[in-house]
Amino acid sequence: MRYIEPHAHMVSRTTDDYERLALAGCEVLCEPAFWAGFDRSSPDGFRDYFLQLTRHEPKRAAKHGIRHFCWLCVNPKEAEDPGFAREVMRMIPEFLDSPNVLGIGEIGLNKNTRNELAIFEEHVQLALDHDLPVLVHTPHLEDKRKGTRLILDALANFPKLRRDQVVIDHVEEHTVGTVLDAGYWAGMTLYPHSKCSVDRAIDILEIHGPERLWMNSACDWGVSDPLAVPKCALRMKARGHDTAAIRRMLWENPREFLSRSPRFIID
Ligand SMILES: [Zn+2]
């Protein structure tokens, strides 16, 4: 089954993982800028990272027939020092013309601090200035509800921001309704221990319906599974979802949102 993986951190994965993704039917993959497994010691570390995301990773993916797109930002885990973060943000426009860049992300909050919030808002403004979609990371575990609330309040202060140009990722049972009701897209991250399990994600889908909803594996530095999305498709089938419903979640929905970027042209 062909599918789109809308959120995967491939710089943390091996080439074998690309092969497994391709064998499972992954044809398109999107990589938001995030933490590299360690805090970078200088803004130039980000320059190399942005080069990796825009030039090198697309070639690695192409060897397995996978189209690679990316999102750029300073992730919230490294945004606590506003001077550092602004220096990195100043170099982002240099990369926005790269053919695989979709938008600004994954921005958001990690520990819900004032500095993180300020840098989050500056990223939203950067996206507006360049007319780009936005991918938002929400904090984990006990910080998630409060962080999601803070993010929605901050976004509401941008009247020119179109809500259907924003996906709020890592939603769970206690945040998905608020996100969808506010008019944003919502992403469910399938993770072995934290975030959503496959069955919890399908529960959420069955309760809220498929409108403006996608699922992803994240497959980052944490304990994660690059094949979580096709495994969820199998589980959907076992729970009685038909081929059209599965195709909608794994192909049509991510394609619809990602097409907010004029760069996202796929067959
Ligand atoms: Zn991520």
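This one's a predicted model, so the numbers in the text were calculated from it and none came from an experiment.

The next point concerns the overall build of the protein. The secondary structure content of the protein amounts to 9 helices and 8 strands. Relative to the compact-globule value of 18 Å for 267 residues, the protein shows a C-alpha radius of gyration of 17 Å, a close match. In the protein, which comprises 267 residues, the proportion classed as buried is 45%. In the protein, the share of contacts with a sequence separation of at least 24, taken over all contacts with a separation of at least 6, comes to 74%.

The next point concerns the pairing of strand β7 (residues 185-189). In terms of burial, β7 is largely enclosed, as 5 of its 5 residues are buried. Burial along β7 is two-sided: the residues Trp185, Gly187 and Thr189 and Ala186 and Met188 are all buried. In this structure, strand β6 (residues 166-169) lies alongside β7, joined through 2 bridges in parallel fashion. Opposite Ile168, over in β7, you have Ala186 as the bridge partner. With helix α6 (residues 176-181) bridging β6 and the parallel β7, this β-α-β connection has right-handed handedness. In terms of handedness, the path from β7 via helix α7 (residues 198-208) over to strand β8 (residues 213-216) forms a crossover that is right-handed.

Turning our attention to the environment of Trp251. Note on placement: Trp251 falls in helix α9 (residues 243-258). Among all residues touching Trp251, those that are not within four sequence positions of it are Arg2, Tyr3 and Ile4.

What follows is about the nonpolar core. Counting residues in hydrophobic clusters, the biggest one holds 76 residues, and the most contacted among them are Leu190, Ala201 and Cys232. Setting aside residues no more than four positions away along its own chain, Leu190 makes contact with Cys196, Val198, Ala201, Met215, Ser217, Ala228, Val229 and Cys232.

Reading across from one edge, β1-β2-β3-β4-β5-β6-β7-β8 is the order of the 8 strands in this open sheet, with parallel pairing throughout. Edge positions in the open sheet fall to β1 (3-5) and β8, since each of these has one partner strand only. For this sheet, the mean angle separating the axes of adjacent strands, direction not counted, is 25°. Where β7 lies against β8, 4 bridges are found, and the strand directions are parallel.

Here we take up unusual backbone geometry. Of note, the bond from Gly105 into Glu106 is cis; its omega dihedral lies within 30 degrees of zero at -5°. Not every positive phi belongs to a glycine, and Asp131 is a case in point at roughly 55°. Residue position: Asp131 is located in the loop between α4 (114-129) and β5 (134-137). Classification of Asp131 as exposed rests on a count of 12 C-beta atoms within 10 Å. Despite not being glycine, Cys219 has its phi angle at roughly 25°, a positive value. Within the fold, Cys219 resides in the loop between β8 and α8 (228-238).

At 3.6 residues per turn, the α-helix brings residues three or four places apart onto the same side. A rise of 1.5 Å per residue sets the reference length of helix α3 (residues 82-95), with its 14 residues, at 20 Å; its end C-alpha atoms lie 21 Å apart and thus fit the reference within 8%. Looking only at α3, the buried set comprises Ala85, Val88 and Met89. Along the axis of α3, the buried positions cluster into a sector of 110°, meaning they face one direction only. Of the exposed residues in α3, those oriented more than 90 degrees away from the buried face are Gly83, Arg90, Pro93 and Glu94. Residues of α3 that are buried make contact with α2 (43-62) and α4.

Definitions and cut-offs
Residues numbered from 1 in each chain as written. Predicted model: local features only at pLDDT ≥ 70, side-chain atom pairs only at ≥ 80, totals over all residues. Helix = DSSP H or I, 4+ residues; strand = E, 2+ residues; numbered from the N terminus. Rg over C-alpha atoms; globule rule 2.2 N^0.38 Å. Buried ≥ 20, exposed ≤ 12 C-beta atoms within 10 Å, placed from the backbone. Contact = placed C-beta atoms within 7 Å. Pairing = 2+ DSSP bridges. Right-handed = clockwise from strand over helix to strand, strands pointing away. Core = buried A, V, L, I, M, F, W, Y, C linked by C-beta atoms within 7 Å. Axes fitted to C-alpha atoms, helices over the stretch in contact; angles between N-to-C directions. Expected span 1.5 Å × (residues − 1). Arc of directions from axis to C-beta.

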